Amino acid sequence: MLFSSLALVAFLVGCGDSSAPAQNETSTSTNETETSNGTETTNGADSVSLNLVTIGTGGASGPYNILGTTLADIYSTDFSINSRTQTTGASVENINLMEQGKIEMSFVMSDALSQALAGEVSFKEPVKNISQVATLYPNVVQIIAKEGSGINTIEDLKGKRVAVGDQNSGVEVNARTLLAGHGITYDDLQVDYLGYAEAADGLNAGTIDAAFLTSGLPNASVLELSETVGITLVSIDPANVEKIAAEHPYFVSYEVPVGTYGNDEPIKTAAVPNALVVRSDMDENDVYLLTKKFFESQDKLVNSHQAAKEIPALDAQSGFIAPVHPGAQKYFDEQK
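Right, let's walk through the structure included here. Fair warning: this is a prediction, and the values are worked out from it, not measured in the lab.

1. Examining the nonpolar core
Most often, soluble globular proteins keep nonpolar side chains buried together rather than apart. Counting 80 residues, the largest nonpolar core has Tyr-75, Leu-157, Phe-212, Phe-251 and Phe-294 as the members making the most contacts within it. Once residues lying within four places of it in the same chain are set aside, the contact partners of Phe-212 are Val-141, Gln-142, Ile-143, Ile-154, Leu-157, Val-162, Ala-163, Val-164, Gly-165, Val-171, Ala-175 and Leu-179. Residues Val-108, Phe-123, Val-127 and Ile-130 belong to the second largest nonpolar core, which totals 16 residues.

In structure tokens, the structure reads:
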């Protein structure tokens, strides 16, 4: 009987030992699942799910690239992701890259964005995978000629060798539109497709007579040129801008302030607002966080380039060309 009792106890203990780990394992597994779910919920609300955020910009010396690089650094640091810029031919190329799913975010000009949505000019069919998250600073049309060249107005460009920006860039798109609005076609010019730095080099070397360098103020290439060889800022009559805006409403009259490039008086020209856009298929929470961080980082962006001073804050939705992304809309709704 004693032996039988001992055997029974041993059996029961053995059963208890074998079942305990199973209970602990189940409990641990449940806790891990709960922890994992909790972490996912927290991360989903407070951090982006993407590992990579590539921002399409423009020429290396332009405000797009300077601001984009600063923004990418902020995203990389604050969200612990790999965010980087991709230098491009700017607006049109950026939009095409987004449509192809090769970049997540980009800086574009409103005229190019309008044409992309309509499927006209540089776009064979309407672009669909693009949403807006902000209206940015105005891109100022800066037509530059060497001092003493005799080129003072846009009409003086006829018969001249003119750099109109990289082919299919936003600069080139609005150059074509503005010239056409003054009865000037590319047949009336000798056209060179040059970006900011190359155009400045061409003016310096005398291989071109004038150049369109449309960007925020100041443009680094124009600033350097003004300090080395002396430049003339070519004017555009506000009345003509108003006529052009009747068909292309993204154009507005603008004055380059006194002293921007050593100019003694304001220079009348045109401007086109910039837009910050993302792919429409991006996660709503990701875009919400990227938009929120963008607006919360204005001081850092202004420190990198003063054009960011003109980025609207609470009225950032004014002048939207593309549909607002739901993630950005969530941020704007919180500001009301």
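2. Remarks on helix H7 (residues 220-228)
Because each turn of an α-helix spans 3.6 residues, side chains separated by three or four positions in sequence point in the same direction. Within H7, burial applies to Ser-221, Val-222, Leu-225 and Ser-226. Relative to the axis of H7, the buried residues are bounded by an arc of 135 degrees and lie together on one face. Facing away from the buried side of H7 by more than 90 degrees, the exposed set consists of Glu-224, Glu-227 and Thr-228. Its buried side turned inward, H7 meets strand E5 (143-146), helix H6 (196-205) and strand E9 (231-234). Two or three places before Ser-221, at the opening of H7, Asn-219 has a side-chain oxygen 2.9 Å from that residue's backbone nitrogen. Looking one or two places after H7, you find Gly-230, whose phi comes out positive at around 85 degrees.

3. Focus: empty space enclosed by the protein
Any empty space left between atoms is shown by rolling a water-sized probe over those atoms. Inspection of every chain in the model, using the stated rule, returns three cavities of 30 Å³ or more. If you add up the space inside the largest cavity, you get close to 150 Å³. Forming the walls of the largest cavity are 18 residues, and the residues nearest its centre are Gly-59, Ala-90, Ser-169, Val-171 and Tyr-196.

4. Focus on unusual backbone geometry
The amide bond that connects Leu-217 to the next residue, Pro-218, takes the cis arrangement and shows omega of -10 degrees. By the secondary structure assignment, Pro-218 is in the loop between strand E8 (210-212) and H7. Despite not being glycine, Ser-80 has its phi angle at roughly 55 degrees, a positive value. By the element assignment, Ser-80 lies in the loop between helix H2 (63-79) and strand E2 (82-86). Of note in the backbone geometry, Ala-90 takes a positive phi value of approximately 80 degrees without being a glycine. Since its relative accessible area comes to 12%, Ala-90 is described here as buried.

Parameters and conventions
Residues numbered from 1 in each chain as written. Predicted model: local features only at pLDDT ≥ 70, side-chain atom pairs only at ≥ 80, totals over all residues. Heavy atoms only, no water. Core = buried A, V, L, I, M, F, W, Y, C linked by side-chain atoms within 4.5 Å. Buried < 20%, exposed > 50% of the residue type's maximum accessible area, 1.4 Å probe, protein only. Contact = heavy atoms within 4.5 Å. Helix = DSSP H or I, 4+ residues; strand = E, 2+ residues; numbered from the N terminus. Arc of directions from axis to C-beta. Polar contact = N/O pair within 3.5 Å; in protein donor to acceptor, adjacent residues only side chain to side chain. 1 Å grid on protein atoms, 1.4 Å probe; cavity = no way out; pocket = protein on both sides within 12 Å on 5 of 7 lines; lining within 4 Å. Points joined across faces, edges and corners; volume = space filled by probe spheres on them.

Read these as geometric descriptors, not functional statements.
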